[in-house]
Amino acid sequence: MDKVKFGIIGVGNMGSGHLGFFQSGKVKNGVVTAIADLDEKKLESARKKTPGDYECYRSGDELIDKADVDAVIVAVPHYDHPRLSIRALEKGLNVICEKPAGVYTKQVKEMNAVAEKSKGLFTMMYNQRTNPLYIKMHEIVKSGGIGEIRRVNWIITNWFRTQFYYDSGSWRATWKGEGGGVLLNQCPHQLDLLQWICGMPNKVRAFCHFGKWHNIETEDDVTAYLEFPNGATGAFITTTADSPGTNRFEVLGSRGKLVCEKDTLTVSRLDCDLQEFLMTAKEGFSQPKYKEEVIPQGGENPQHVGILNNFANAVLGLEPLYVDGKEGLHCVELMDSMLLSAWENREVALPIDDDRYYGELQKHIAQSRDKNTGDILIDNSMSFGGTK
């Protein structure tokens, strides 16, 4: 094939943005030949705002079954990410799944099992992995540039959202409609980056506050304590109610520290091992010497366009796939462990008990209500029109 033919399932905020990238020529080896959405108004809006030579379908299932495509982009509400990805992968299509990979680990593991057997390529839209700052952090940590990790802290509170935002969709921040709040909607990229750079923790104790600051039923304020297999500890703090907010990511190792804040990466390199100095120093208040430097920003930050181009090129065999879609499980496991910890008021060991989390989620879904009418929500499918 000369170019990869893409179908976009869901043309809400994210899907329509992807359509614009293709139609403006930013994806060199890809072309959109089909789009789908259950909401006819969104299809019509897409046709008007981003015209092109593509077919329109009224559901993702119809597009997968009938459209002339090599690959699909799944950009629908969270619960349908695995279902539609599985359907496409079983047909042998290549799949880009928007974040998060799913709402609960059971469905993501099912998707990963299908991806393992499918002839199609599978990736997650982890566009933040294209950011040079996080790429550099990943390289430094994985190469041992700051030694063994001792502490990880990420304060990510610049997600401020008003009640008007949540009221813009009756499904928003409901257990049945979205499956979670700030963790599932705003933080998947940060949780993915945390585990990509630092590895997965093996214990989580989280305090999630549900509807603390907004009239919603899901979490809008989270403080989580993490423990890693090597004994390192960490904290992850997030909310949609702080302004001005903070985005500060720190990784302390036995040979130095990384700090990423305000688009700047600073590294402090110790001239000795921290623990050795701590145990052998002959003065009570002395500290090891270190040199601090700001890592120059280099390279492009292509974000979504970078993932789209890499995927098209990988399908054509021109370059390796950058993100293995099966890694999407890690982020979902972190989100689920934090919620389960808060629901059951206890420490949760990872990997989590998939069935236990699923059972607790079903209890919350059963009571999920439309925040505007107070009515029990009936459907958590793509009927929300693919709006992210």
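Each value, and the rule that gives it
Residues numbered from 1 in each chain as written. Predicted model: local features only at pLDDT ≥ 70, side-chain atom pairs only at ≥ 80, totals over all residues. Heavy atoms only, no water. Helix = DSSP H or I, 4+ residues; strand = E, 2+ residues; numbered from the N terminus. Buried < 20%, exposed > 50% of the residue type's maximum accessible area, 1.4 Å probe, protein only. Polar contact = N/O pair within 3.5 Å; in protein donor to acceptor, adjacent residues only side chain to side chain. Contact = heavy atoms within 4.5 Å. Pairing = 2+ DSSP bridges. Axes fitted to C-alpha atoms, helices over the stretch in contact; angles between N-to-C directions. Right-handed = clockwise from strand over helix to strand, strands pointing away. Disulfide = S-S within 2.5 Å. Parallel < 35°, antiparallel > 145°, perpendicular 65-115°, else oblique. Left-handed = near helix turned anticlockwise from the far one by under 90°. Nonpolar A, V, L, I, M, F, W, Y, C, P; charged D, E, K, R; others polar. Core = buried A, V, L, I, M, F, W, Y, C linked by side-chain atoms within 4.5 Å. Expected span 1.5 Å × (residues − 1).

S.K.: Can you walk me through the side chain of E98 in this structure?
M.R.: Take E98: it is sitting in the loop between β5 (94-97) and α5 (105-117). Under the relative-accessibility criterion, E98 is labelled buried at 2%. Here the side chain of E98 touches H18 through a polar contact of 2.8 Å, side chain to side chain. Beyond its immediate sequence surroundings of up to four residues, E98 is in contact with M14, H18, V74, A75, H81, M124, M125 and H304.

S.K.: Looking at this structure, how should I read the sheet that holds strand β6 (residues 122-124)?
M.R.: Strands in a sheet are paired, the pairing made by backbone hydrogen bonds, and the direction either parallel or antiparallel. Read across the open sheet, the six strands follow the order β3-β2-β1-β4-β5-β6; overall the sheet is parallel. Among the strands making up the open sheet, the edge pair consists of β3 (55-57) and β6. Shown here is a sheet whose adjacent strand axes are inclined to one another by a mean of 25°, direction ignored. As defined by bridge partners, strand β4 (residues 71-74) adjoins β5 across four bridges and the pair is classed as parallel. Each residue of the ladder has a partner; that of V74, found in β5, is C97. The sheet contacts of helix α1 (residues 13-23) involve β1 (4-9), β2 (30-36) and β4, and relative to β2 the element is tilted by about 145°.

S.K.: What is the right way to look at the pairing of β1 in this model?
M.R.: Remark: a regular strand shows side chains that alternate across the two faces of the sheet. The element β1 is extensively covered by neighbouring structure, given that five of its six residues are classed as buried. With six bridges joining them, β1 and β2 adopt parallel strand pairing. By the bridge assignment, F6 is partnered in β2 with V32. The parallel pair β1 and β2 is bridged by α1, and the resulting crossover is right-handed. Of the pairings in the sheet, the one linking β1 to β4 comprises four bridges and is parallel in character. Note on β4: the bridge partner recorded for I8 is I73.

S.K.: Sorry, what's going on with the state of the cysteines here?
M.R.: For the structure on display, the rule yields zero disulfides. Residue C97 stays outside any disulfide, its sulfur separated by 11 Å from that of C331, the closest cysteine.

S.K.: So what exactly am I meant to see when it comes to the packing of helix α4 (residues 80-90) against α5 here?
M.R.: Between α4 and α5, the shortest axis-to-axis distance is 9 Å and the interhelical angle comes to 15°. Classified by the angle between their axes, α4 and α5 sit roughly parallel to one another. Viewed along their axes, α4 and α5 form a crossing whose handedness is left-handed. Contact with α4, carried on its side by H81, P82, S85, I86, L89 and E90, involves Q107, E110, M111, V114 and A115 of α5 and no other residues of that element. Classifying every residue of the contact of α4 with α5 by side-chain character gives six nonpolar, three polar and two charged.

S.K.: Is there a simple way to think about the nonpolar core in this case?
M.R.: What tends to happen in soluble globular proteins is that the nonpolar side chains get buried as a cluster. Residues F6, L183, F236, F249 and M338 are the most contacted members of the largest nonpolar core, which totals 104 residues. The element contributing the most residues to this core is helix α12 (residues 328-344), with nine residues. Leaving out residues up to four positions away in the same chain, L183 has contacts with P188, L191, C208, E219, V222, F236, T238, M335, M338 and L339.

S.K.: Help me out: how do you make sense of the packing of α12 against helix α13 (residues 354-366) in this one?
M.R.: To characterise two packed helices, one gives the angle between the axes of the helices and the distance between these axes. Where α12 meets α13, the closest approach of the two axes is 10 Å, and the angle between their N-to-C directions is 65°. Our classification of the angle between α12 and α13 gives roughly perpendicular. Crossing handedness for the pair α12 and α13: left-handed. Residues D336, L339, L340, W343 and E344 of α12 touch α13, and the partners they reach there are R356, Y357, E360, L361 and H364.

S.K.: Explanation requested: the side chain of N131 in the structure shown.
M.R.: If you trace the backbone, N131 turns up in the loop between β6 and α6 (132-142). Taking the relative accessible area as the measure of exposure, N131 reaches 10% and is therefore buried. Beyond its immediate sequence surroundings of up to four residues, N131 is in contact with N301 and Q303.

S.K.: Just to check I follow, could you spell out the sheet that holds strand β10 (residues 233-239) for this structure?
M.R.: Reading across the sheet, the nine strands line up as β14-β13-β12-β11-β7-β10-β9-β8-β15 and stay open at both edges, with mixed pairing between neighbours. A single partner strand is all that each edge strand has here, and the edge strands are β14 (290-295) and β15 (348-349). Across the sheet, α6 is in contact with β7 (149-156), β11 (247-253), β12 (256-261), β13 (264-270) and β14; its angle to β12 comes to roughly 170°. Along the sheet, helix α9 (residues 188-198) contacts β7, β9 (219-227), β10 and β11; its crossing angle with β7, the most-contacted strand, is approximately 165°.

S.K.: So what exactly am I meant to see when it comes to helix α11 (residues 303-315) here?
M.R.: Turn by turn, an α-helix covers 3.6 residues, leaving residues three or four places apart pointing in a common direction. Under the 1.5 Å per step criterion, the end-to-end length of α11 is 19 Å for 13 residues, consistent within 8% with the ideal 18 Å. Counting buried positions along α11 gives 13 out of 13 residues, so the element sits mostly inside the fold. Positioned one or two residues after α11, G317 has a phi angle of 80°, which is positive.

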